[in-house]
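Analysis of the macromolecular model
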Amino acid sequence: MILGYILRRLAFLPVTLLLVAFATFVVLRLTGNPVDIFLDINRTPEQVAALTKRLHLDEPIPIQFLIFLRDLLQGDFGESLQFNNSASAVVWGRVGATLQLAGTALGLAVFLGVLGGIVCAVWRDRAADAIISSIAVAGQSMPSFWLGMLLIEFFALQMRWLPTSGYGEPRHLVLPAVTLATILLPNFVLITRTSILELMSEQFVVTGRSKGLSRKRVLFTHVLPNAVNPVLSFLGVQVGTLMAGSIITETIYAWPGVGRLLIGSISNRDVPVVEAAVFFIATAIALANLTVDVLQMLIDPRIRRA
């Protein structure tokens, strides 16, 4: 049953990616001629003609899109105008940094968010609940770029504990990961708190307490396993937010990931790299959502029977 569900979802994946590719192609063509933006004022007619032919801009728009689809099926997005290398290779070289940042931030957000939600639910309407919930609500309205600048100012420039940017050492990852985790962490706190409080009034919890089970055992044995499903559902929805946040975070901290590469390529009108980067982000979001859905099926038997 699970295998059949995965195969059905994978069957729709090419349609989703095709729509993303079409939208990217249209937007890049509507925002101006990349030749006029990429080449400076000292360009020669020969350079213009060569770049126009290289990007297939001398062909009608429908033909350009068909060429784009043909190359896409082969995993070929063309040659990067900035790096003189395959656009796919350029993007793939940045994937590791993005996955490291996003994975660390996601793990941090889930762990601290769920832990904070448990604390709020267990000590409901007490000082710990009020403090953590207030911080979570404030965190929801805090722009990530502002938080990033604030963390750099305090921990890097004033305290000199951490670097303002860089890559390769664990200390370089601290500030970017904390900044990116803050985007999702408050919501994990509030969702976990709400889910646990709702489940605490369910009949199976009341029955467990009536049998003499301790509150701690009821919480960890009966409540938390059922509270995981809303957290996973939220995680699947917010994968796109995480990827969008990584673009901002990578730009703030000069993190050498796909997000920063995408922003630089858009500024320089490096069309092949933009198309490759957007396609990678869309694929990562689609596969992450599929993974979350499969995890939900494994955890919740009701979904398997649906």
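Below you will find a few notes about this structure.

The rules behind each value
- Residues numbered from 1 in each chain as written.
- Predicted model: local features only at pLDDT ≥ 70, side-chain atom pairs only at ≥ 80, totals over all residues.
- Heavy atoms only, no water.
- Axes fitted to C-alpha atoms, helices over the stretch in contact; angles between N-to-C directions.
- Helix = DSSP H or I, 4+ residues; strand = E, 2+ residues; numbered from the N terminus.
- Left-handed = near helix turned anticlockwise from the far one by under 90°.
- Contact = heavy atoms within 4.5 Å.
- Nonpolar A, V, L, I, M, F, W, Y, C, P; charged D, E, K, R; others polar.
- Patch = residues over 30% accessible without salt bridge, like charges linked within 9 Å, V, L, I, M, F, W, Y side chains within 5 Å.
- Areas by Shrake-Rupley, 256 points an atom, 1.4 Å probe, with all protein chains shown as cover.
- Salt bridge = Lys/Arg side-chain N within 4 Å of Asp/Glu carboxyl O.
- Phe/Tyr/Trp six-rings, centres within 6.5 Å; stacked < 30°, edge-to-face > 60°.
- Buried < 20%, exposed > 50% of the residue type's maximum accessible area, 1.4 Å probe, protein only.
- Core = buried A, V, L, I, M, F, W, Y, C linked by side-chain atoms within 4.5 Å.

Observations concerning the packing of helix α7 (residues 144-158) against helix α8 (residues 170-199)
The interhelical angle for the contact between α7 and α8, taken along N-to-C directions, is 145°, at an axis separation of 10 Å. Where α7 crosses over α8, the two elements pack in a sense that is right-handed. Residues Ser144, Leu147, Gly148, Leu151, Ile152, Phe155 and Ala156 of α7 lie in contact with α8, whose contacting residues are Leu175, Val178, Thr179, Thr182 and Ile183. Considering only residue class, the contact of α7 with α8 consists of eight nonpolar, four polar and no charged.

Focus on a nonpolar patch on the surface
On the surface, Leu108, Phe111, Leu112, Leu115, Val174 and Val178 cluster together to form a nonpolar patch covering roughly 470 Å² of accessible area. Of all the secondary structure elements, the ones that give two or more residues to the nonpolar patch are α5 (87-122) and α8. The element that contributes the greatest number of residues to the nonpolar patch is α5, accounting for four residues. For Phe111, the position within the fold is in helix α5.

Side note on the pattern of salt bridges
Taken as a whole and judged by the stated rule, the model has four salt bridges. Ionic pairing is found between Arg124 and Asp125, a salt bridge with its closest N-O pair at 3.8 Å.

Regarding the packing of aromatic side chains
Under the defined criterion, the tally for this structure stands at nine aromatic pairs. Between the aromatic rings of Phe77 and Phe279, the centroid separation amounts to 5.6 Å while the plane-to-plane angle is 55°, which identifies the pairing as tilted. In this pair, Phe77 is assigned in the loop between α4 (61-73) and α5 and Phe279 in helix α12 (residues 271-299), connecting sequence segments 202 residues apart. Owing to a relative accessible area of 12%, Phe77 belongs among the buried residues under this scheme. By way of ring pairs, the aromatic residues Phe22, Phe25, Phe65 and Phe68 are connected into one cluster.

Overview of unusual backbone geometry
Excluding glycine, residues mostly have negative phi values, and the peptide bonds linking residues are mostly trans. In this structure, Asp125 takes a positive phi of about 65° despite not being glycine. Examined against the element boundaries, Asp125 turns out to sit in the loop between α5 and α6 (127-140). Relative accessible area serves as the criterion here: at 64%, Asp125 is assigned to the exposed category. Even without glycine at this site, Arg160 takes up a positive phi of about 60°. Tracing the backbone shows Arg160 in the loop between α7 and α8.

Here we look at the nonpolar core
Residues Phe68, Phe77, Val91, Val258 and Ile281 are the most contacted members of the largest nonpolar core, which totals 28 residues. Secondary-structure elements contributing two or more residues to this core are α1 (2-30), α4, α5, α10 (215-252), α11 (258-267) and α12. Per-element tally for this core: the top contributor is α12, with ten residues. In this structure Ile281 touches Met243, Ile247, Val258 and Leu262, once residues within four positions along its chain are discounted.

A short note on the side chain of Ser80
By secondary structure assignment, the location of Ser80 is in the loop between α4 and α5. Judged by its relative accessible area of 0%, Ser80 is buried. Ignoring anything within four residues of it in the chain, the contact list for Ser80 reads Arg54, Asn85, Ser86, Ala87, Val90, Asp270 and Val273.

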